[in-house]
Amino acid sequence: MDYRLLASLITYIGIIIFCIYIYKNYIHSLYFENKKKQQKIIVGFILILVLVSITSSFISNYLNNANYWLIIYNTLGAFLNFDKSIETDNVLVQTLSDIARMTAILSTASFIGGEFFSYILRRNQKLLAIRKYKKIIAVYTDYDEDSSFIKKIHKDGYYVVVIKDNYDFYNNTEYNLIIFQNDSEGINFYAKYKDKFLNKKVTLVLNEYDSSSLNQDEVKILNISQLIAKDYWLSSHSLIQYFDSCNDNKHLDIAIIGLNNIGKDIFKTAILDNIYSTKQQINYHLWGNINDFESINYDINGSADRILSYDKIIYHEEYVLNQKSLNCLNKCQRIIICDSKDSYVCQEIIRKNNNANDIHLYDNDLAILMSVTNNINSMNVSSFGSFDNFFSFENMFEEDKELLAKKINMFYQKEYNPKANDLNEEWYKIDGYSKRSCIACADYSKVRKLYLKDNKVNGNIDSILCELEHNRWCRFMIIEGYSYDSELEKLTKKRDAINKKHGCLVPFDRLSDYEKLKDLNVLKYIDNED
């Protein structure tokens, strides 16, 4: 048994394993964080040079009858150019020795050069990219790098650095986006690294958490499903087309299929903002998991039967493709499919929609719409919720979605403190309930703008708009868990926050002139500021 050969092979195998380990855990991250194919090839090429050098050196020294320690010495020494040269007449041995020396020098130089380039790249990425891209955005996430929202940001001309492991890699980037699949992870991540983001623009994207319940002193929070729902009802798919005036006793049936995050927010936003007439009757038909419905009912404090006005909430336990459900769907003026993952269900609903009612499909990248409408007459089918509308630079970092809500809060704060003048400072002082109240008031102002734009207000415009606003406020308060208290109605202070009672949860005509005037002043202030 040639122990020299055995020891050399064991050492050689150990070096190969070490190289693989280095590649997986160190060298690759040393060069590029994004782990793209071409970057792996560069690092892999360097390691191939290393292995070629080691292999050639092992074989040449072994064939030249060098002892074990000389083999190891020459193999390692080749990388620093201090190995003992082999003097032999054997052409193969000499050739392998020369290959070992050249590849060793080349791999060493490549590694040092690569490390230097990597250092310069990490420290000066902003300077290198600024010529080609508008701005650099660091995205801290656990999503894949080819996720649609990342593609959208890059497509808009921004350099996107996706950071999934080394979280202080781009701590000098001015614009930072934090988006995790689990909201808690995103919130905890920001809390942990908050100091690194001081004086930076930071946006935290959430899927479920209510942003108004979080302290937002240093970070902008975007709840995508809430943004989609508000855009749906208040902009792209408003119900204003169905109403001729504020006194229209229109009867509508709206179907919402799927009670996931999008479905829940679509429903809750509809309850809060779809107030177009003092005599309207909108029936909301819901299909989805019973546990999700119970969750919604809990979120609105069991107020499904106390929403005030003639609107109704109807939960359907039967399968959505059951004949009974299909009959109901055919009576609906609008069908909103929020859970569009099951293409068969979507296709069947579209196919069996005999009355050609409007069908709106949640589809963040438009891929589902193409698949489910293939070979189907789908003139009445459209999509909503595309990420193109929400992952814009303005949406993420510049536009203050809560600006009007902050101004409304300032209006109220000045009643108690005339010296108040800092919007953000006063906003951060108030609790989650007050923030939600101001945000809901600001959102509904868009409905008023639609009315005024289309001249659909008949009669005393101030009185009608105030009544609609009061109805909206009553819905908000009931959803927050408040109920009417006759004793509070007689007092100057109408609200009991501890017991969640309020004296103004009454029909509009029962309000005092003072309360009506206060509502009117708020509306005029909002219309001037918006």
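Right above here is the structure, for reference.
About the criteria used
Residues numbered from 1 in each chain as written. Predicted model: local features only at pLDDT ≥ 70, side-chain atom pairs only at ≥ 80, totals over all residues. Heavy atoms only, no water. 1 Å grid on protein atoms, 1.4 Å probe; cavity = no way out; pocket = protein on both sides within 12 Å on 5 of 7 lines; lining within 4 Å. Points joined across faces, edges and corners; volume = space filled by probe spheres on them. Helix = DSSP H or I, 4+ residues; strand = E, 2+ residues; numbered from the N terminus. Nonpolar A, V, L, I, M, F, W, Y, C, P; charged D, E, K, R; others polar. Buried < 20%, exposed > 50% of the residue type's maximum accessible area, 1.4 Å probe, protein only. Pairing = 2+ DSSP bridges. Right-handed = clockwise from strand over helix to strand, strands pointing away. Contact = heavy atoms within 4.5 Å. Disulfide = S-S within 2.5 Å. Phe/Tyr/Trp six-rings, centres within 6.5 Å; stacked < 30°, edge-to-face > 60°.

If you add up the space inside the second largest pocket, you get close to 970 Å³. As for the second largest pocket, its lining consists of 30 residues, and the residues nearest its centre are Y412, Y416, W473, H502 and K518. Breaking the lining of the second largest pocket down by element, the ones donating at least two residues are α15 (403–416), α17 (432–453), α18 (461–479) and α20 (513–529). Grouping the amino acids of the lining of the second largest pocket by side-chain chemistry returns 14 nonpolar, seven polar and nine charged.

The buried count for strand β7 (residues 281–287) comes to six of seven residues, which makes it a mostly enclosed element. Of the strand pairs in this sheet, strand β6 (residues 251–257) and β7 are connected by seven bridges, and their pairing is parallel. Residue pairing across strands places I257 opposite W287, the latter belonging to β7. Where the polypeptide runs from β6 across helix α9 (residues 261–273) and back to β7, its parallel neighbour, the crossover connection is right-handed. The sheet contact formed by β7 and strand β8 (residues 312–316) spans five bridges and is parallel. Across the sheet, H285 pairs through a bridge with I314, a residue of β8.

Here we come to the sheet that holds strand β13 (residues 495–496). The three strands lie next to each other as β12-β14-β13, forming an open sheet whose pairing is mixed. At either margin of the open sheet sits one strand with a lone partner, and together these are β12 (483–484) and β13. Two elements, β12 and strand β14 (residues 501–502), share two bridges in a ladder whose sense is parallel. By the bridge assignment, Y484 is partnered in β14 with H502.

Turning our attention to the environment of I262. Structurally, I262 can be placed in helix α9. For the pair I262 and G385, spaced 123 residues apart in sequence, the C-alpha separation works out to 9.1 Å. Residues within four places of I262 in sequence aside, it is in contact with S225, I228, C338, Y362 and F384.

So, on to empty space enclosed by the protein. Applying the stated rule across the entire model yields two cavities of 30 Å³ or more. Its volume calculated, the second largest cavity comes out at about 30 Å³. In this structure, the second largest cavity is lined by L326, L329, N330, I335, I349, K352 and N353. Counting residues per element, the lining of the second largest cavity draws most heavily on helix α11 (residues 323–331), which supplies three residues. Each residue belonging to the lining of the second largest cavity can be placed in one class, and the counts come to four nonpolar, two polar and one charged.

Positive phi, close to 65 degrees, is recorded for N199, a residue that is not glycine. Relative accessible area serves as the criterion here: at 78%, N199 is assigned to the exposed category. Look at K500: it is not a glycine, yet its phi comes out positive at around 55 degrees. Within the element layout of this structure, K500 appears in the loop between β13 and β14. In this structure K500 comes out as partly exposed when scored by relative accessible area, which is 34%.

Glancing now at the state of the cysteines. Scanning the entire structure with this criterion turns up zero disulfides. Here C441 is not disulfide-linked; the sulfur of C438 is the nearest cysteine sulfur, at 7.2 Å. With no disulfide of its own, C474 lies closest to C504 among cysteine sulfurs, the gap being 8.4 Å. Taking the relative accessible area as the measure of exposure, C474 reaches 1% and is therefore buried.

With that settled, consider the pairing of strand β1 (residues 136–141). Judged by how many residues are buried, β1 sits mostly within the fold: six of six residues are covered. Along β1, one buried face is formed by I136, A138 and Y140 and the opposite face, lined by I137, V139 and T141, is buried too. By the bridge criterion, five bridges tie β1 to strand β2 (residues 159–163) in an arrangement that is parallel. Within β2, the residue paired with I137 across the bridge is V160. You can see the chain leave β1, run along helix α6 (residues 148–155) and come back into β2, and the turn it takes is right-handed. Note: β1 against strand β3 (residues 175–179), five bridges, orientation parallel. When the bridges of β3 are listed, Y140 appears paired with I178.

Attention shifts here to the packing of aromatic side chains. Tallied over the full model, the rule gives 21 aromatic pairs. Ring centres 5.3 Å apart and planes at 70 degrees place the aromatic pair Y175 and F397 in the edge-to-face group. Here the residue Y175 occupies a position in strand β3, and F397 occupies one in helix α14 (residues 393–398), the gap between them amounting to 222 residues. As far as burial versus exposure is concerned, Y175 and F397 are alike and both buried. Among the aromatic residues, those joined into a cluster by ring pairs are Y140, F180, F189, Y190, Y193 and F197.

So, to be careful, I would describe these as geometric facts and stop short of saying anything about function.
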